[in-house]
Every structure is written in structure tokens, then in C-alpha cells.
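A structural walkthrough
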Amino acid sequence: MNLQGTFKFLDKKIIIYLRDRICETPEELISSELFFKVVLRFCEELKTTRSPFLNLFGKEIQEIGIEDVRELIQVLRILSKMPMDTIPKLVPGGERFITHPHLMQEFVEALYNFWRAFDRFILCDSTGDRLDRRPFRTFNGTIESLTHLVRQTYRDIEENISGKHPNIYRQVRAGAELAVIALPKNLALPGGVYRKLADISVIRQILMYPPLLLNPPMNKRTGKFERININPLERVEIKTPEWLCYPAKVGSYLVLVYINERFYELGLSLCNLFELAEDDFLNRPVDAVYLFGVPGTVLDDLAPLPTVFYDDEDNKTIVGACPNMDQFGYFGYLKKMILTLHNIKVLKQGKMPYHGALVRILTKNDFIFTILVIGDTGAGKSETLEAFRIIGKEQIKEITIIADDMGSLDIDKNGKVIGYGTEVGAFVRLDDLQPGYAFGQLDRSIIMNPGQQNARIVLPVTTYEHVVKGYPIDMVLYANNYEEIDDDHPIIDRLSGPEMALHIFREGTAMSKGTTTSTGLVHTYFVNVFGAVQYKNLHEQVVKRFFEKFFKTDIFVGQLRTRLGIPGWEQKGPEEAARKLLAKITAVNKTAE
């Protein structure tokens, strides 16, 4: 490229690096080195399957070489401008490719699909031109132009083979699926080993074509993140061109997420989850650093599972690291480590991190009620609140999501418990959403591992302003997804005091939904292996103070039995929980009147 810049193949990814212009004509596109490499790879794949398409070459499969591929590309270049009957005059020996026009047309169709089967990225980096000053113009001149050009080239060739125009035009994403403007930037990193990161380009803008369908190598996460006593940066050798920095606003904290090219598709999906930090936000000290996709084996001996972090107390920074092996190629390893780093920072400031969903309800008569539902992954938090949104549409004016998965609690100067979030997006199981909901959000979504167990969707659900504003808490519920309902076990069960509540939350019992490698009934301290477990003593001090404050200030503390983990109740359980929750809020509203 320019399809004259440079490019790289990584498994089923193509990364295109651009500094100036991109191809402008079909002839330029077909003459590019990238086009040649794609056609060559396609032909090599056809050889392994002994595809009938290779009959186009008119020779034995083992005899087909690079020069034959170059001659085929010459034929395609002519076909992008002229009808098929001109080939014998313009390409000596080229008539062998047009002996069977139907086969040639099918070959072109298959080549087009082969190209589109790659995850395709454009990285724009032009320090002198300052592409980030006019990002839309940059994107328009790169990703948009390439999309139109590839489609045009494909259609021109098809029409010149068949001699007719198609009746139906499908505007598929034929160019790149994601484009990034990334530039070198001075960040407020500590010195020493952190200088290894200084020259890595920082993402300033992202353009994506949703819905994105990604198939990462893993579809679930295992274990917890281990605290270690050595900074991973002391071990890691950084090859700058292989990394990008996604500067994430995680609640009020700045987390620099360094993404190795092996996992670009996962790292760039963060754009649907965490706000990208603006220039003024980047001027503040860095709260945490995460190296996602460390090559080699340098982390292997640091912990049984080498997803690790180091608490750099001297520099007031926490450093996380994860290898780039396939077993860690899951978005959960990215998201959950970032949130672990956030939770540790929160704990150290005397705030209480939570693993749960926080929403603010505004009724039709302007009554405001804020609910925190704490629960493990798959406990029914998001599912119940989504059912609540649908069931309560006649009584509810607005539901504001403050946190979909994690956040923190603080106590303000007036003694009120205030809730905050971390993410502007959600990473949700497709199976547990209300029917049709995911399809209604497809125009903004990134879908991972469709068709597999624990298929997930990443989509924006709130704004950064709501995440960091701070809302007084009215109700704290533990999402119980494993118990049946009877007279002694109602759907909403108020707890009598701090000790009983702490016991239930501390036990963290849940029926695993297959989102990690755990199965059956599991117990997790405060359903939070993301900082709470690693800093248990500190966490105990903090939660005792907060639970005492809950009861002292008459915040409703209880259990919400969603039954999401009970077979047959995956939909009905959260729906009934939502109805009871709506009834409870209505009753509180009437009392307030």
C-alpha cells in the first residue's frame, strides 16, 4: 500500500500501515504487493485442498508457481477495465484463464470472500501531517476509500467476465473493518523501566464498521489475576512497532492499555467499553499500565497462571501483564484485568469496589431510586435489569446505567453512600439477553464467538458523565441465581443487619453459567476476584465500614433471587425478579408520597 505502505499478516489478520495516500484506482490496487500476497496465499490454500479452481491454470497442481500467479493477476488487471475477449490480445498465454468463464467468475468470488474472511485493520500514523487534527478527513481518505475501491474492483471484474450487471448490490465491508489514528505522545509515565513504553504510538481516534463479528481463540476466562513482587516491565522486551496504546478512562482513573498486534481485534474492541482518553486527560499521572499480549515465555514462571500484576507503590502505579498465547485470547482477560487494576486503586483510597450493576430509576412521577445489584458473572444482574426496563415501561420514565459490571462506592461529606461506575459499555452473554435485544443493538455492536457457548456482545450502554457523576444509593442487593423460590426464600429478601449481610456477600455463592472454566455451585469472596481477593485484609476493613453505613442510613440491603442458574428459568427468573423489583420501588414511592 500506498497499499503502497507496509502490511503484515498475522494468523487471520491483515494489518495495513499507512502514512500518506492509499490506492486510488483498481489498477493501482491490483498492482500492489498486498494484492499479490493475498492472491498467492489464496492459491496456496487451494493447493492444499486440491480445489477445482486450480483448473484455471491449465496445468498440474504441483507445477503451478509464482509466475503463474503473476500472470493471473495480469489477467485480473485487464478484466478490471476491459471485457474478457480482450485477454488473448493483451496477455500472452492468458487465454487459459478464460476457457471456462463460469469457473473464472467463481474463482474471483472465492478470492473476494477469502480477503473478507481476514480481520482487516488500517493503522494511520503520520506525525508530520498530524492526522488527528482532521480525523474524519483521514478516515474518509483511507478506510472509506479502500472499501469503495475494493468493491468497485470486484464488481468491475465480475461484470467484465459475465458481460452483464448484477440486479442486486450488497454493500459489504470490503475494505478494512477498523481504522486507527495512532501517534507518538508524551505521557506522564514514571521513569526507569517505564521508558520502554515511551515510543509506542497512542490511539487518538478509531473508526469501526459495526456490527463486527470476531472469533478470538478463546471463549472463556479462568483463574484470578496474581499479585507478584517484580515489575513485569523488567522482564518484557518491547518491540515498539508491534504495540499500540489504548489510553482508557476507567471511572476517574487513567489506565494505559498496551496491546500487542497478536490481539489487536480484542484490544481495539475496548472502544465499545471504555472511553478513549482525550489530550487533557492524558496530562495527569498514570494510574495503571496493562501489557496485553506479552510475547514469549518471560511471564511463565511468575505465577501458576501468568496473568499477573505488580503494585508499584514507589511510583503509585500498578502494572498488569498477560501473555499473547491463544489461551488468553479472550476479551475477559482484557476487561477484567483493567477493572482489577481500577479496584486496587479504589481500595487504597478507602472506597469500596463492587462487582455488580448500578442503575438509577426515574419514575413517571419523578421519583428517583438508585439500585446496586452485586453478583458474579452470569448471576442475572444485567438480565434482570434489562427485563425491568421492558416490564416497567409504563411506570418508568428513564433508566440510567451507571455501571454494568464494576464500580465503586464512596461516602460523601454529608455521610451519604455514593455510587460510581467504570465502563461506558457492556460485555454481555448473548444467550441471557431478552429475545431480540441484541439484534436491536447490532448497529453499534461487536459480537465475539457467535455460535459458541458464552457468545458475547460488546456495546455502549451509558455515557462517561453518568459513570463518574456519583449517585446516592437507595438499595443494595445480592444477585442469587441458584436458589428456588418458596415462602422462606422470597424473590426479594431483606437482610436484618450488617453481620448477616456481610456473611452472604462474603460467601459469594453462585451457580456458574460457563462464562469461566468453573462449573456448578461456586463460592467467591464478595463475588470479586478482581482486587478484593488479592487485598482481602484491606477489603475487609473497607466493606465493614460501608455495610455498617448501609444499615445506619437505612439503605435497603437484601438478596434478589434471579434463578438464572436454574435450568428452565434463564428467561422467566430474571423477568419475575424484575416484576418484584418494580413492585418494591412502587411501594417505596407511595410511602415517600
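Residues numbered from 1 in each chain as written. Predicted model: local features only at pLDDT ≥ 70, side-chain atom pairs only at ≥ 80, totals over all residues. Heavy atoms only, no water.

Here we look at a negative patch on the surface
In plain terms, the rule: Without a salt bridge and with relative accessible area above 30%, a residue can belong to a patch; like charges are then joined within 9 Å and nonpolar side chains (Val, Leu, Ile, Met, Phe, Trp, Tyr) within 5 Å. Exposure was quantified through the Shrake-Rupley algorithm and a 1.4 Å probe, taking into account, for residues, occlusion by the shown protein chains and nothing else. A pairing counts as a salt bridge when a side-chain nitrogen of Lys or Arg comes within 4 Å of a carboxyl oxygen of Asp or Glu. By the counting rule applied here, Lys and Arg register as positive and Asp and Glu as negative, while His and the ends of each chain are not counted. Charged groups are reduced to one reference atom each: NZ for lysine, CZ for arginine, CG for aspartic acid, CD for glutamic acid. What counts as a helix is a DSSP run of H or I of at least four residues, what counts as a strand is a run of E of at least two, and both are numbered from the N terminus.
A cluster of acidic residues, Glu484, Asp486, Asp487 and Asp488, forms a negative patch on the protein surface. With respect to the helices and strands, the residue Asp486 is situated in the loop between strand E23 (475–480) and strand E24 (492–494).

A closer look at the side chain of Lys220
Our working rule: Under the rule applied, a polar contact is a pair of N or O atoms within 3.5 Å (in protein, one hydrogen donor and one hydrogen acceptor; residues adjacent in sequence only if both atoms are side-chain atoms).
In this fold, Lys220 is placed in the loop between strand E6 (212–214) and strand E7 (226–228). Polar side-chain contacts of Lys220 include one of 3.3 Å to the side chain of Gln453.

A few points about the environment of Val38
Rule in force here: Under the scheme applied here, a residue whose accessible area is under 20% of the maximum for its type counts as buried, over 50% as exposed, and between as partly exposed, the area being computed with a 1.4 Å probe on protein chains only. Contact criterion: two residues are considered in contact whenever any of their non-hydrogen atoms come within 4.5 Å of each other.
Relative to the helices and strands, Val38 is located in helix H2 (residues 33–49). Given a relative accessible area of 5%, Val38 falls into the buried group. Sequence-wise, Val38 and Lys590 are 552 residues apart; in three dimensions their C-alpha atoms are separated by 67 Å. Beyond its immediate stretch of four places on either side in the chain, Val38 contacts Phe9, Ile14, Leu111, Phe114 and Trp115.

With respect to the pairing of strand E9 (residues 253–260)
Using the following cut-off: DSSP-based pairing: two strands are paired if at least 2 bridges between them are found.
When you tally the buried positions in E9, you get eight out of eight residues, the bulk of the element. Residues Tyr253, Val255, Val257 and Ile259 point to one face of E9 and Leu254, Leu256, Tyr258 and Asn260 to the other, with burial holding for every one of them. Pairing analysis gives eight bridges linking strand E8 (residues 243–250) to E9, with the strands arranged antiparallel. Following the sheet pairing, Ala248 is matched in E9 by Val255.

Here's the deal with unusual backbone geometry
Residues Pro210 and Pro211 are joined by a peptide bond in cis, for which omega reads -5°. If you trace the backbone, Pro211 turns up in the loop between strand E5 (202–208) and E6. In this structure, Asp11 is a non-glycine residue whose phi angle is positive, near 50°. Looking at the element boundaries, Asp11 is found in the loop between strand E1 (6–10) and strand E2 (13–18). In this model, Asn449 sits at a positive phi of 55°, which is unusual for a non-glycine residue. Inspection of the secondary structure assignment puts Asn449 in the loop between strand E20 (446–448) and strand E21 (456–460). A residue is classified by how much of its surface remains accessible, and Asn449, at 2% relative accessible area, is buried.

Some remarks on helix H14 (residues 536–552)
As a reminder, the rule being used: Multiplying 1.5 Å by the residue count of a helix minus one yields the expected span of that helix.
The first and last C-alpha atoms of H14 sit 24 Å apart over 17 residues, in line with the 24 Å expected at 1.5 Å per residue. At the C-terminal side of H14, Asp554 shows a positive phi close to 65°.

A look at the packing of aromatic side chains
As a reminder of what qualifies: Pairing of aromatic rings covers Phe, Tyr and Trp, the last through its six-membered ring, and needs centres within 6.5 Å; plane angles under 30 degrees mean stacked, over 60 mean edge-to-face, and all others mean tilted. Any Lys NZ or Arg CZ that is within 6 Å of a ring centre and within 35 degrees of that ring's normal is treated as a charge sitting over the ring.
Scanning all chains against the criterion turns up 24 aromatic pairs. Each ring, one from Phe331 and one from Phe427, has its centre 4.9 Å from the other, and the planes form 65°; the classification is edge-to-face. Here Phe331 is found in helix H9 (residues 331–348), whereas its partner Phe427 is found in strand E19 (residues 425–429), with 96 residues between them in sequence. Of the two residues examined, Phe331 and Phe427, each falls in the buried class. A cation over a ring is seen here: Lys12 above Phe118, with NZ or CZ 4.2 Å from the ring centre. The ring of Tyr112 is capped by Arg116, whose NZ or CZ atom sits 5.2 Å from the centre of that ring.

Points about the pairing of E21
The buried count for E21 comes to four of five residues, which makes it a mostly enclosed element. Examined bridge by bridge, E20 and E21 share three bridges and lie antiparallel to one another. Residue pairing for E21: Ile446 is matched across the bridge by Val458.

Quick notes on the state of the cysteines
Keep this limit in mind: When two cysteine sulfur atoms are found within 2.5 Å, that pair is recorded as a disulfide.
Per the stated rule, a full pass over the model turns up zero disulfides. Cys23 carries a free sulfur, and the closest cysteine sulfur to it, the one in Cys124, is 14 Å from it. With no disulfide of its own, Cys271 has Cys245 as its nearest cysteine by sulfur position, at a separation of 15 Å.

Notes on the sheet that holds E21
Going by this rule: Orientation is described by axes fitted as lines to C-alpha atoms, over the contacting stretch for helices, and by angles from 0 to 180 degrees between their N-to-C directions.
The strand order across the open sheet built from four strands is E6-E20-E21-E19, with neighbouring strands paired in mixed fashion. The open sheet is flanked by E6 and E19, the only strands paired with a single partner. The mean inter-strand angle of the sheet, taken between neighbouring strand axes irrespective of direction, is 20°.

A few points about the pattern of salt bridges
Applying the stated criterion across every chain yields a total of 31 salt bridges. Between Glu483 and Arg561 there is a salt bridge, with its nearest N and O atoms 2.7 Å apart. Here Glu483 is found in the loop between E23 and E24, whereas its partner Arg561 is found in strand E27 (residues 556–561), with 78 residues between them in sequence. Look at the salt bridges and you will find they share partners, linking Lys59, Asp68, Glu71 and Arg96 into a network.

Quick look at the nonpolar core
Counted only if it meets this: The set of buried Ala, Val, Leu, Ile, Met, Phe, Trp, Tyr and Cys residues whose side-chain atoms join them within 4.5 Å is what this entry labels a nonpolar core.
Counting residues in hydrophobic clusters, the biggest one holds 82 residues, and the most contacted among them are Val257 and Phe550. The greatest single-element share of this core, amounting to nine residues, is contributed by H9. If you look at the next biggest cluster of nonpolar residues, it comprises 62 residues, including Val38, Met84, Tyr154 and Ala179.

Digging into helix H10 (residues 381–391)
Each full turn of the α-helix corresponds to 3.6 residues, which orients residues three or four apart in the same direction. Of all the eleven residues making up H10, eight are buried; the element is thus mostly covered by neighbouring parts of the structure. Inspection of H10 places Lys381, Ser382, Glu383, Thr384, Leu385, Glu386, Ala387 and Phe388 among the buried residues, and these make up the whole buried set.

Description of the side chain of Arg155
Secondary-structure assignment places Arg155 in helix H6 (residues 135–162). Of the side chains with opposite charge, Glu159 lies nearest to the buried Arg155, which makes no salt bridge, at 6.6 Å. If near-sequence neighbours (up to four positions away) are discounted, Arg155 is found in contact with Tyr169, Arg170 and Gln171.

Considerations on the packing of H2 against helix H3 (residues 66–79)
We apply this condition: Oblique is the label for every angle not falling under 35 degrees (roughly parallel), over 145 degrees (roughly antiparallel), or within 65 to 115 degrees (roughly perpendicular). Crossing handedness follows the turn of the near helix against the far one: under a right angle anticlockwise gives a left-handed crossing, and clockwise gives a right-handed one. Amino acids are sorted into nonpolar (Ala, Val, Leu, Ile, Met, Phe, Trp, Tyr, Cys and Pro), charged (Asp, Glu, Lys and Arg) and polar (every other residue, Gly among them).
It is at 10 Å that the axes of H2 and H3 come closest, and there the two elements cross at 120°. Taken together, H2 and H3 sit at an angle that is classed as oblique. Regarding H2 and H3, the two cross each other, and that crossing is right-handed. Taken together, the residues of H3 that come into contact with H2 (itself represented by Phe35, Phe36, Val39, Leu40 and Cys43) are Ile66, Val69, Arg70, Leu72, Ile73 and Leu76. Across the contact of H2 with H3, the residue classes tally to ten nonpolar, no polar and one charged.

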